[in-house]
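Survey of secondary and tertiary structure
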Protein chains: 2
Amino acid sequence: MNYDVVGLGQCCIDYLGSVDQYPDIDEKEEVNNLTVQGGGPVATAMVTLSRLGASTAFIGKISDDSFGDLIKDGLISEHVNIDYIVIEKGKRSQFAFIVIEKETGKRTVLWSSATVTPLVAEEINRDVIDSAKVLLLDGLMKDISIVAAEYARDAGVKVVVDAGSMREGALALVHLSDYFIASDDFARQFFHADDPKAAAIELLALGAKTVIVTLGEKGSICLTPERYFYQPAFKVKAVDTTGCGDVFHGAFIFGLLQKWDLNETIRFASATAALKCREIGGRTAIPVLKEVEELLENDNSF
Amino acid sequence: MNYDVVGLGQCCIDYLGSVDQYPDIDEKEEVNNLTVQGGGPVATAMVTLSRLGASTAFIGKISDDSFGDLIKDGLISEHVNIDYIVIEKGKRSQFAFIVIEKETGKRTVLWSSATVTPLVAEEINRDVIDSAKVLLLDGLMKDISIVAAEYARDAGVKVVVDAGSMREGALALVHLSDYFIASDDFARQFFHADDPKAAAIELLALGAKTVIVTLGEKGSICLTPERYFYQPAFKVKAVDTTGCGDVFHGAFIFGLLQKWDLNETIRFASATAALKCREIGGRTAIPVLKEVEELLENDNSF
């Protein structure tokens, strides 16, 4: 079967809860509103695309533990195809416990990595990538991401890279990407200075066709060989920013599928990401298309 | 079927992991050696009894969520009977995330309470209590614990109460208990001063037949109308003290089943609890009988 978008990357299960006050060491603190939901940059972007109306498949590797089962359930319930997920038995899937302090909204993340072996070329299905319109990669699984990006390039599939933090894997994908979306953390670590535009220029020089740097509540910048522009963030009361970037990436790809121009695509992605922050959890408040359209229509600020 | 010991109380699922350093708010920290295992004072005491060789059944209430499934699995795998556990669908079972700092061994507990309704008399099986030799209760489910204690008293079943922290439920059980085992926290809160012996005298006056106060690494004291004595703790390198008290309670009941005298019973319980602390998790290192016997034989300190 063909999918609009195929994503390959990490996935995990997030346990999120709020506390009155983040506890000191050696204390006990009650967690309220405990929420269990799937996470991982690419997986959450696929859920976003699915809610907006695109067809998606996720490629990744998990184990057959209870975390793995929850990860699968979280994708199935969102109509993200999971036929290409590889399951390695008897290991542990990735997990994160995210503590959100009610008053400050500050998040503390305790995470535990998966114990599965890295995904290798023999385990992935080339056809599902070749037949997609867009491939999304994170920089977290270097070798297999390069393989997938090369498949996509050869098949004329657009490659979007989500570079969340400075890692070898993300850098190795710059020249294979059509759209390289870096977080401000990545840009700062890559450029060794807090200058997103300069970082974008450098990334473009390395072979990216379009570079976007997301700046959280400060918005984002976009640079291509022809143009440069800034997109402010939408103002929302952010209850929880978990997965905000992931949702931006998914919504950005939705704009690409609609063949909107870059300005419109990034404005749409910003609005979608802003709506996500209304509730606790990376996925709870991911909007459907109509909600994003309403926000965009009612917004006169720019 | 008849069981040596029936336990009624809270049960939960614990996620435990160690960190190099307990993270400040707004930080990300990797958790190592993530361990998922059942917890809860009475449930872990039943597992202890089962490992030592007694037959046990646990009565409690959980939901049909993934936490509930893990709680059940953790008891089944330890041969604790779960036929009398009540499952309320569509709710959340109790959960705790326990972060252990490697160097200091300090534990920070983030816990989330169950959303199931309280267990009521109509939901429990009187026969299984009446036919046991010993009933163990925690003070966490007041009303149903009183009902169960009265069943036990009428049937001549010995009642052991685990009073971990000062709650109405634990106090209401004092006069119904044959053995009232208070933590030092409970004793301090109950007596409004750090004087475990004075607290024990007061508890005896309230109707307990035997009072024990556990003092962690400082050992424990025991008071009956006829005698008073002190039992030092066994020296071990404590990797994790989670569940240490619960294991003490289980092993104490094992001594009662053998009809050992109180000194011997408490020394046995101390040794069992000490061995538990060798590994991360409330249950991982709970010893089998032979291991406790070896520690007791090799110990010449008292």
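Residues numbered from 1 in each chain as written. Chains lettered and ligands numbered in written order. Predicted model: local features only at pLDDT ≥ 70, side-chain atom pairs only at ≥ 80, totals over all residues. Heavy atoms only, no water.

**Brief notes about the relation of the copies chain B and chain A**
Applying a rotation about an axis and a shift along it to one chain copy brings it onto the other copy. Overlaying chain B on chain A yields an RMSD of 0.0 Å, the required transformation being a rotation through 180° with an accompanying axial translation of 0.0 Å. The superposition of one copy onto the other is thereby described by a two-fold rotation axis. Using C-alpha coordinates, one finds that chain B approaches the rotation axis most closely at B:Ser66, a distance of 3.7 Å. Mapped onto chain A, 100% of the interface residues of chain B are again interface residues, and the two copies thus contact each other with one and the same surface. (Least-squares fit on C-alpha atoms with pLDDT ≥ 70 in both. Contact = heavy atoms within 4.5 Å.)

**Observations concerning helix α6 (residues 184-191) of chain A**
All names here are of chain A. Turning to α6, its buried residues are Phe 186, Ala 187 and Phe 190. Seen along its axis, α6 keeps its buried residues to an arc of 95°; they face one direction. Buried-residue contacts for α6 involve β12 (158-163), α5 (168-171), β13 (179-183), α7 (196-205) and β14 (210-214). Trailing α6 by a residue or two, His 192 shows a phi angle of about 60°, which is positive. (Buried < 20%, exposed > 50% of the residue type's maximum accessible area, 1.4 Å probe, protein only. Helix = DSSP H or I, 4+ residues; strand = E, 2+ residues; numbered from the N terminus. Arc of directions from axis to C-beta.)

**Quick look at the packing of aromatic side chains**
Summed over the entire model, instances satisfying the criterion amount to 27 aromatic pairs over all chains. Taken together, a centroid distance of 5.0 Å and an interplanar angle of 70° make the contact between A:Tyr15 and A:Phe95 edge-to-face. Remark: A:Phe95 occurs in strand β9 (residues 95-101) and A:Tyr15 occurs in strand β2 (residues 12-19); sequence separation between them is 80 residues. Among the residues examined, A:Phe95 registers a relative accessible area of 0% and is labelled buried. Note on B:Phe67 and B:Phe95: the rings are 4.7 Å apart at their centroids and 10° apart in plane angle, and the pair reads as stacked. Of this pair, B:Phe67 sits in helix α2 (residues 66-76) while B:Phe95 sits in strand β9 (residues 95-101), placing them 28 residues apart in sequence. There is no split in this pair, since B:Phe67 and B:Phe95 are both buried. Through pairs of rings, three or more aromatic residues link up here, namely A:Tyr15, A:Phe67, A:Phe95, A:Phe97, B:Tyr15, B:Phe67, B:Phe95 and B:Phe97. (Phe/Tyr/Trp six-rings, centres within 6.5 Å; stacked < 30°, edge-to-face > 60°.)

**Quick word on the state of the cysteines**
In total, this model carries zero disulfides over all chains according to the counting rule given. Cysteine A:Cys11 shares no disulfide, and the gap to the nearest cysteine sulfur, in A:Cys12, comes to 7.3 Å. Cysteine B:Cys277 remains unbridged, with the sulfur of B:Cys244 as its closest cysteine sulfur at 3.6 Å. (Disulfide = S-S within 2.5 Å.)

**Side note on the environment of A:Ala96**
Residues and elements named next belong to chain A. Examined against the element boundaries, Ala 96 turns out to sit in strand β9. Expressed as a C-alpha distance, the spacing of Ala 96 and Val 36, which sit 60 residues apart in the sequence, is 9.9 Å. Ignoring anything within four residues of it in the chain, the contact list for Ala 96 reads Ile 13, Asp 14, Tyr 15, Val 109, Leu 110 and Trp 111.

**Focus on the pattern of salt bridges**
Where side chains of opposite charge bring their charged atoms close, a pairing between them can arise. Applying the stated criterion across every chain yields a total of 28 salt bridges over all chains. The salt bridge involving A:Asp178 is made with A:Lys209; its shortest N-O contact spans 3.5 Å. Here A:Asp178, found in the loop between α5 and β13, pairs with A:Lys209, found in the loop between α7 and β14; they are 31 residues apart in sequence, far enough to count as distant. A salt bridge links B:Glu88 to B:Lys61; the shortest N-O distance between them is 3.9 Å. Within this pair, whereas B:Glu88 is found in strand β8 (residues 86-88), its partner B:Lys61 is found in strand β6 (residues 61-63), the two being separated by 27 residues in sequence. Just as B:Glu88 is buried, B:Lys61 falls in that class too. Within this structure, A:Arg126, A:Asp130, A:Arg153 and A:Asp154 form a network of salt bridges that share partners. (Salt bridge = Lys/Arg side-chain N within 4 Å of Asp/Glu carboxyl O.)

**Remarks on the pairing of strand β16 (residues 228-231) of chain B**
Residues and elements named next belong to chain B. Burial along β16 is one-sided: Phe 229 and Gln 231 are buried, while Tyr 228 and Tyr 230, pointing the other way, are not. With four bridges connecting them, strand β15 (residues 220-223) and β16 associate as antiparallel partners. Of the residues in β16, the one forming a bridge with Ser 220 is Gln 231. (Pairing = 2+ DSSP bridges.)

**Considering unusual backbone geometry**
When glycine is set aside, most residues are seen to have a negative phi, and most peptide bonds are trans. Residue and element names in this part refer to chain A. The phi torsion at Asn 33 lies on the positive side, around 50°, for a residue other than glycine. Along the chain, the position of Asn 33 falls in strand β4 (residues 32-39). For His 192, which is not glycine, the phi dihedral falls at a positive 60°. Along the chain, His 192 turns up in the loop between α6 and α7. Residue classification places His 192 among the exposed positions, given a relative accessible area of 72%.

**Remarks on the sheet that holds β2(A)**
Within the open sheet, the five strands sit side by side as β4(A)-β2(A)-β9(A)-β10(A)-β3(B). Their pairing is mixed. Each edge of the sheet is formed by a strand with only one pairing partner; in this case those strands are β4 of chain A together with β3 (28-30) of chain B. Across the sheet, the mean angle from the axis of one strand to that of its neighbour is 20°, orientation sign disregarded. In this structure, β2(A) lies alongside β9(A), joined through seven bridges in parallel fashion. Bridged to A:Leu16 within β9(A) is A:Ile98. Its contacts with the sheet put helix α2 (residues 66-76) of chain A on β2, β4 and β9 of chain A, and the angle it makes with β2(A) is roughly 90°. (Axes fitted to C-alpha atoms, helices over the stretch in contact; angles between N-to-C directions.)

**What to know about the packing of helix α8 (residues 244-258) of chain A against helix α9 (residues 262-276) of chain A**
Residues and elements named next belong to chain A. Between α8 and α9, the least distance of the axes is 8 Å, while the angle of their chain directions is 145°. Here the hand of the crossing between α8 and α9 comes out right-handed. On the side of α8, the interface is formed by Cys 244, Val 247, Phe 248, Ala 251, Phe 252, Phe 254, Gly 255 and Leu 256, while α9 contributes Leu 262, Thr 265, Ile 266, Phe 268, Ala 269, Ser 270, Thr 272, Ala 273 and Lys 276. Across the contact of α8 with α9, the residue classes tally to 12 nonpolar, four polar and one charged. (Left-handed = near helix turned anticlockwise from the far one by under 90°. Nonpolar A, V, L, I, M, F, W, Y, C, P; charged D, E, K, R; others polar.)

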